[in-house]
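Coordinates in review
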Amino acid sequence: MLSKLFHKEYPEFWKKYTESFKNPATKYVVISMETSGLDTEKDVIMSIAATSIVENRIILKDSFEIYIKHTTPLDISLDNEFITVSKVEKVSEEVAIETLIEYLGNSIFIGHRIDFDIEMLNQMLSRLKLGKLKNEAYDIEAMFNKLSETNDKKYAMEEMSKFLNISISERNSVADDAYSIAILFLKLKSKLGIK
């Protein structure tokens, strides 16, 4: 009886997620997010896009883009205004995180300034009374710093792509950003000799 009081029953998607780490990762998942600001305590995620990389190939058909509705008024920048006022279909935080976690599984996370993305996602998970992300992660900015032998310098994706002599999209959406991050990651992975 006492053990039931202290044993939290997690949703099925979270159980599957934690169980997935018994096996090695078979893919990379590139993520990009639009947030209401840069404060991980106060701001929220407005949209998430993700795409997979398997065997050094970007799998566009295995991608998604999701917009999140928030019930409380948000103090947002003009950049995010299109998300809050547009007619694009939006889902709850619960649906968004379940969709992402099911997609993510035990894969290796890729992003630009990924620590911020992970912290924002962990805040969302905390609001839903779930644990923290367990995935290994690569940050393309940290990889670029290693390649260019600089220390903790901040690089925009455009700077990195120019240096690496690759073209990236015009960045009109989080999905465009996820694809650009994927291209940069594959180039950096090759140059750094990461298997």
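Residues numbered from 1 in each chain as written. Predicted model: local features only at pLDDT ≥ 70, side-chain atom pairs only at ≥ 80, totals over all residues. Heavy atoms only, no water.

So, on to the overall build of the protein chain. Secondary structure assignment for the protein chain yields 8 helices and 5 strands. Written out in order from the N terminus, the α and β elements of the protein chain read α-α-β-β-β-α-α-β-α-β-α-α-α. Counting over 195 residues, the protein chain shows a buried share of 44%. Within the protein chain, residue pairs in contact and separated by at least 24 positions form 66% of the contacts whose partners lie at least 6 positions apart. Summed over its atoms, the accessible surface of the protein chain is roughly 11500 Å², and 51% of this surface lies on carbon and sulfur atoms. (Helix = DSSP H or I, 4+ residues; strand = E, 2+ residues; numbered from the N terminus. Buried < 20%, exposed > 50% of the residue type's maximum accessible area, 1.4 Å probe, protein only. Contact = heavy atoms within 4.5 Å. Areas by Shrake-Rupley, 256 points an atom, 1.4 Å probe, with all protein chains shown as cover.)

Moving on, we come to the sheet that holds strand β1 (residues 28-35). Taken in spatial order, the 5 strands of this open sheet run β3-β2-β1-β4-β5, and their pairing is mixed. Each edge of the open sheet carries a strand with a single partner, namely β3 (57-67) and β5 (137-139). When the angles between neighbouring strand axes are averaged without regard to direction, this sheet yields 25°. Sheet topology note: the β1/strand β4 (residues 108-111) ladder contains 3 bridges and is parallel. When the bridges of β4 are listed, Tyr-28 appears paired with Ile-108. Lying over the sheet, helix α5 (residues 114-127) contacts β1, β2 (45-54), β4 and β5, oriented at roughly 75° with respect to β1. Against the sheet, helix α8 (residues 174-192) makes contact with β1, β2, β3, β4 and β5, and its axis sits at roughly 140° relative to β1, the strand it touches most. (Pairing = 2+ DSSP bridges. Axes fitted to C-alpha atoms, helices over the stretch in contact; angles between N-to-C directions.)

Moving on, we get to the packing of helix α2 (residues 12-19) against helix α4 (residues 93-104). Between α2 and α4, the least distance of the axes is 9 Å, while the angle of their chain directions is 25°. Relative to α4, the element α2 is oriented roughly parallel. Helix-helix and strand crossings are classified by hand; for α2 and α4 the assignment is left-handed. Here Phe-13, Trp-14 and Tyr-17 of α2 come into contact with α4, specifically with Ile-97, Glu-98, Ile-101, Glu-102 and Leu-104. For the contact of α2 with α4, the per-class residue count stands at 6 nonpolar, no polar and 2 charged. (Parallel < 35°, antiparallel > 145°, perpendicular 65-115°, else oblique. Left-handed = near helix turned anticlockwise from the far one by under 90°. Nonpolar A, V, L, I, M, F, W, Y, C, P; charged D, E, K, R; others polar.)

The subject of this paragraph is the pattern of salt bridges. Applying the stated criterion across every chain yields a total of 6 salt bridges. Among the ionic pairs, Lys-15 bridges to Glu-9, the shortest N-O distance being 2.4 Å. Owing to a relative accessible area of 31%, Lys-15 belongs among the partly exposed residues under this scheme. With a shortest N-O distance of 3.6 Å, Lys-27 and Asp-62 are connected by a salt bridge. Taken as a pair, Lys-27 in the loop between α2 and β1 and Asp-62 in strand β3 lie far apart in primary sequence, 35 residues in all. Among the residues examined, Asp-62 registers a relative accessible area of 28% and is labelled partly exposed. One connected set of salt bridges, linked through shared partners, spans Glu-9, Glu-12 and Lys-15. (Salt bridge = Lys/Arg side-chain N within 4 Å of Asp/Glu carboxyl O.)

A few words now on the layout of surface pockets. A water-sized probe rolled over the atoms picks out the places where empty space is left. For the second largest pocket, the calculated volume is near 190 Å³. As for the second largest pocket, its lining consists of Arg-113, Ile-114, Asp-115, Phe-116, Asp-139, Glu-141, Ala-142, Asn-145, Asp-152, Lys-153 and Lys-154. For the lining of the second largest pocket, the secondary structure elements donating two or more residues are α5 and α6 (140-148). Residue composition of the lining of the second largest pocket, grouped by class: 3 nonpolar, 1 polar and 7 charged. (1 Å grid on protein atoms, 1.4 Å probe; cavity = no way out; pocket = protein on both sides within 12 Å on 5 of 7 lines; lining within 4 Å. Points joined across faces, edges and corners; volume = space filled by probe spheres on them.)

Looking now at the confidence of the model for the protein chain. The share of residues in the protein chain with pLDDT of 70 or more is 87%, and the mean pLDDT across the chain is 88. Here residues 77-84 is modelled with pLDDT under 50, and outside its nearest four sequence neighbours on either side it reaches 16 contacts, counting other chains as well. (pLDDT = per-residue confidence, 0-100.)

Moving on: the environment of Glu-93. Along the polypeptide, Glu-93 turns up in helix α4. Looking at Glu-93, the relative accessible area reads 12%, which means it is buried. With 24 residues separating them in the primary sequence, Glu-93 and Lys-69 have C-alpha atoms 7.3 Å apart. Glu-93 has contacts with Val-44, Ile-68, His-70, Met-124, Arg-127 and Leu-128, leaving out every residue within four places of it along the chain. A distance of 2.6 Å separates a polar atom in the side chain of Glu-93 from a polar atom in the side chain of Arg-127. (Polar contact = N/O pair within 3.5 Å; in protein donor to acceptor, adjacent residues only side chain to side chain.)

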